[in-house]
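Here is how the chains run, residue by residue.
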Amino acid sequence: MTDLPEIPPTLTSDESDEELRHTLRSWIRNNDPGPPPREYGAKMAALTEWQAQLHAAGFIGMSWPRQFGGGGRPLSAEAVLAEELARSSRPQLINRLALYTWGPTIFDWGTEDQKARFLPGMLDASELWCQGFSEPEAGSDLASVRTTAIADGNELVLNGQKVWTSRAELSKWNGMLVRTDPGSDRHSGLSVVIVDMESPGITVRPFPQILDEPHFSEVFYDDVRVPVANVLGGIDNGWKVAMAAMAYERGLFVLERQIGLRQRFDELTGRLVADGRAEGELERLGVLFADLDLLRAQVYRTLAGQITGDLPVGSSSVDKLHLAHVYQRLYSTAFDLLGEEAAATGEGDWMHDLLESRSVSIYSGTSEIQRNIIAAQMLGLR
Amino acid sequence: MNIAERAALVQGLDDVLAGTIDLPSLLEAAREGTVPGTIRPAMTELGWTAVGLPESAGGLGLTVADLAAMSVACGWRLLPPPMRDEALVLAPLLERAETTASSAWLEGLLAGTTSGGGAALPFPSGVDQPDSTGEWFMSLAPGAAVAYVLGGEHSIVIDLAGPGVSVEARAGTDISSGQSHVVVTHSGATTRVDETGDLYRAWFVCLLADCLGTAHAALAMSVPFAAEREQFGRPIARFQAVSHRLADMRVAVELAASGLARVIHLTETRSDDAESALVALCHTVPALAREVCESAIQVHGGTGFTWEYGLHLYYRRVLQVQAALGGAVATARRVGRHYLDAYEGVSVSGGPS
């Protein structure tokens, strides 16, 4: 702490990134299928088809190593993809949890068999992924996980309940944090296990959120049998693997959201310009733009650190905190400025996004937990 | 210059600053309205005033990234701002002015016998450029003989002993430099220097880097304090009310550093996005640094509010930056203005470039 602070690295792009940008832009212009249907099931199917199309064209997994079916490009290629997709009518990749989080975790911790079995379906979206970490009694305090997985020959037998499992009903695979040592406590005795969601004994019960959309579910596991070979990173080593997975959950995720927020900010400006009100709101627009630009700089710094492998421990919590701050400030400001128009659903749907923004300071570790992480890992306060 | 060379350069500067500047003597000198007399000889011996000069004029030909890294050290160690700016702005302007007087002043600066200071028009200066007469608030070193007003198109150098020039010293927000009200009524006292946009942009990047160093220092004082100071039978850092505040301070410092990293890259690659990034950072970085300093005072409790502990020197330094930029409302409005001028409907600009 007493060392002179250094100016960190930032993401840079080279000529090949600019070539890629050019290629992608024209491909998207020619192949954009238009906005997905509004109905949830049809929308998910359309987004799955879109990722498959992008994969067939060679644009998915560009930063993955070649031996795993990827393009062997630097991470900056994914940034280009995210930025160009943002211009399309389908900016998000349906299987991004697999592409950005579980894929890289399997590169690091998976066996050769696991790599061969699980990675290809991530790329073409033929197998979607979800994540089973949280439980009713293990939210912020994730180490309180109670779901058990007891060895029985070559299999584990799972019993317990998970909550907030996004896209559980659509997923083929679920990366779960479970207790493999029933006598263990806290961070020890946990394992990450990859569970086939079509296994007998799994009950998915949709858990409508604040917007009454079925994004996540409660999932019940009754004597679900999983091959021991599906344990990722070794039995009782799950805390380490889960934390590694969560660290991957920043970077490109935050980049994607940051781009989305910039678009919404432009839309807000468009509304104000159309009403002749933008000139009167220079200060608020300036504050929002400046905060968004800072978020972009922060995510570029994180991506640069991920490329060189020297990201300071805990620093991805900085991204998460600032993302939540900017996200909520943008939609609060939009609501304050647009009044009745914002309250009405329909085009723009600012009300929807304001409500949804409340989740950002909760999911993947609340803002309070992020501050605990920063205090412990970046400031050495324990 | 590669990263290791830059680190060595900055370390060399930091070693001299650390050996020369200490809080008690800064505070004692501030009560007398001056700065410790030991600083200038030490900086002269280091050759500090030449760091902003091109190689052809005996400088090191440093880049924005190099100068910004050094500016972090200036803020971190509280080098009085006029001495920072003599190197970053005044010496290069004098070198470009190419008059007999400017050559003499430059020689004096390099020898440590002449001092100066100046002011910059808030970024971006746009159509506003310094006239040959006018009035400005400036940070001047004690005994300043020459000053500047830095603009995005052109700048001026002012002979403070010239015809029609009055200098009225006032106590400034940043007591390590003070503020002087400089009035110039006769154009014979000023020399115009054209095409100073590069200096102007680089200086703002350096000013923000200085804020980063200042904020980081305030944080670096607060963390060990909170870890050691006990109340209710335990270190106050063990209370989340305190540790979360410290975490937010760290977030602010990280964000400012990331923003600077990007704007340095954009500036060095002459990206189209450089200007909008710098306008935005002129709002966010001083605001973040100010929050850090205010939290530092709060975390220290009554101790933080004392004169002798010196946290106020960091706070004042950052407040002075915000004040010179016209205040946070003005900086935010400039960001909004810049964004709206470029707004052409819904689109997303390109990549990191």
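Reading guide: rules and limits
Per-chain numbering applies: the sequence of each chain, read as written, is numbered from 1 onward. Ligands are numbered from 1 and chains lettered from A, in the order in which they are written. Per-residue local features are limited, in this predicted model, to residues with pLDDT of at least 70; the limit for side-chain atom pairs, both in listing and counting, is 80 or more; totals at the level of whole chains, interfaces and linings are taken over all residues. Side-chain measures here rest on the full set of heavy atoms in the structure, leaving out hydrogens and waters. We count a stretch as a helix when DSSP gives it H or I for four or more residues in a row; a strand needs E for two or more, and each element gets its number in order from the N terminus. For this measure, only C-alpha atoms enter the radius of gyration; the expected value for a globule follows 2.2 Å times N^0.38, where N is the number of residues. Categorising residues by exposure relies on relative accessible area from a 1.4 Å probe, with only protein chains included: less than 20% of the type maximum marks a residue as buried, more than 50% marks it as exposed, and the intermediate range marks it as partly exposed. By definition, residues are in contact when any of their heavy atoms lie within 4.5 Å. For accessible areas, the Shrake-Rupley method is used with a probe of radius 1.4 Å. Any residue's cover is judged against the shown protein chains and nothing else. Counting rule applied: Lys, Arg positive; Asp, Glu negative; His and chain ends not counted. Charge coordinates come from a single atom per side chain, which is NZ of Lys, CZ of Arg, CG of Asp or CD of Glu. Note on pairing: two strands pair once DSSP finds at least 2 bridges between them. Each residue gets a pLDDT score, which is the predictor's confidence in that residue and runs from 0 to 100. In protein, a polar contact means a hydrogen-donor-capable atom and an acceptor-capable atom, both N or O and within 3.5 Å, with residues adjacent in sequence counting only if both atoms are side-chain atoms; elsewhere, any N or O pair within 3.5 Å suffices.

### Describing the overall build of chain B
Assigned secondary structure in chain B consists of eleven helices and nine strands. Relative to its length of 353 residues, chain B is compact, with a C-alpha radius of gyration of 20 Å against a globular reference of 20 Å. Taken over 353 residues, chain B has a buried fraction of 59%. Taking the intrachain contacts of chain B between residues at least 6 apart in sequence as the baseline, contacts between residues at least 24 apart amount to 73%. With the model as given, the accessible surface of chain B reaches about 13900 Å², and the carbon-plus-sulfur share is 51%. For chain B, the distance from the average position of its 22 positive side-chain charges to the average position of its 38 negative side-chain charges is 9 Å.

### Description of the pairing of strand β4 (residues 154-159) of chain B
On a regular strand, one side chain projects to one face of the sheet and the next to the other, so that they alternate. Residue and element names in this part refer to chain B. Burial analysis of β4 places five of its six residues in the buried class, which makes it a mostly covered element. In terms of strand pairing, strand β3 (residues 146-150) meets β4 through four bridges, oriented antiparallel. What sits directly across from V146, in β4, is D159. Joining the antiparallel neighbours β3 and β4 is a turn of three residues.

### Let's talk about the confidence of the model for chain B
Residue and element names in this part refer to chain B. Here chain B shows a mean pLDDT of 94. Residues at 70 or above account for 97%. Every residue in residues 346-353 scores below 50 in pLDDT, and together they form 31 contacts with partners more than four places removed in sequence or on other chains. At the level of chain-chain contacts, confidence expressed as ipTM amounts to 0.94, with global pTM at 0.94.

### Thoughts on the side chain of A:N95
Residues and elements named next belong to chain A. Relative to the assigned elements, N95 resides in the loop between α3 (76-85) and α4 (96-109). On the basis of relative accessibility, which here comes to 0%, the residue N95 falls in the buried class. The residues contacting N95, other than those within four sequence positions of it, are Q51, G121, M122, A125, E127, L128 and W129.

### With respect to unusual backbone geometry
For the peptide bond that leads from B:F123 to B:P124, omega is -5°, which places it in the cis range. With respect to the helices, strands and loops of the structure, B:P124 is situated in the loop between β1 (116-120) and β2 (134-140). In the Ramachandran plot, A:R167 falls in the positive-phi region, its phi being about 55° despite a non-glycine side chain. Along the polypeptide, A:R167 turns up in the loop between β3 (155-166) and β4 (173-179). Of note, A:R186 is a non-glycine position whose phi angle comes to about 50°, a positive value. Assignment of secondary structure puts A:R186 in the loop between β4 and β5 (190-196).

### Points about the side chain of B:S102
Residues and elements named next belong to chain B. Note that S102 resides in helix α6 (residues 100-111). Classification of S102 as buried rests on a relative accessible area of 1%. Reaching out from S102, the side chain makes a polar contact with the backbone oxygen of L94 at a distance of 3.3 Å.

### Remarks on helix α11 (residues 350-357) of chain A
Within the span of α11(A), buried status applies to A:W350, A:H352, A:D353, A:L354 and A:S357. Structurally, α11(A) contributes buried residues whose contacts are with α7 (252-274), α9 (316-338) and α10 (340-343) of chain A.

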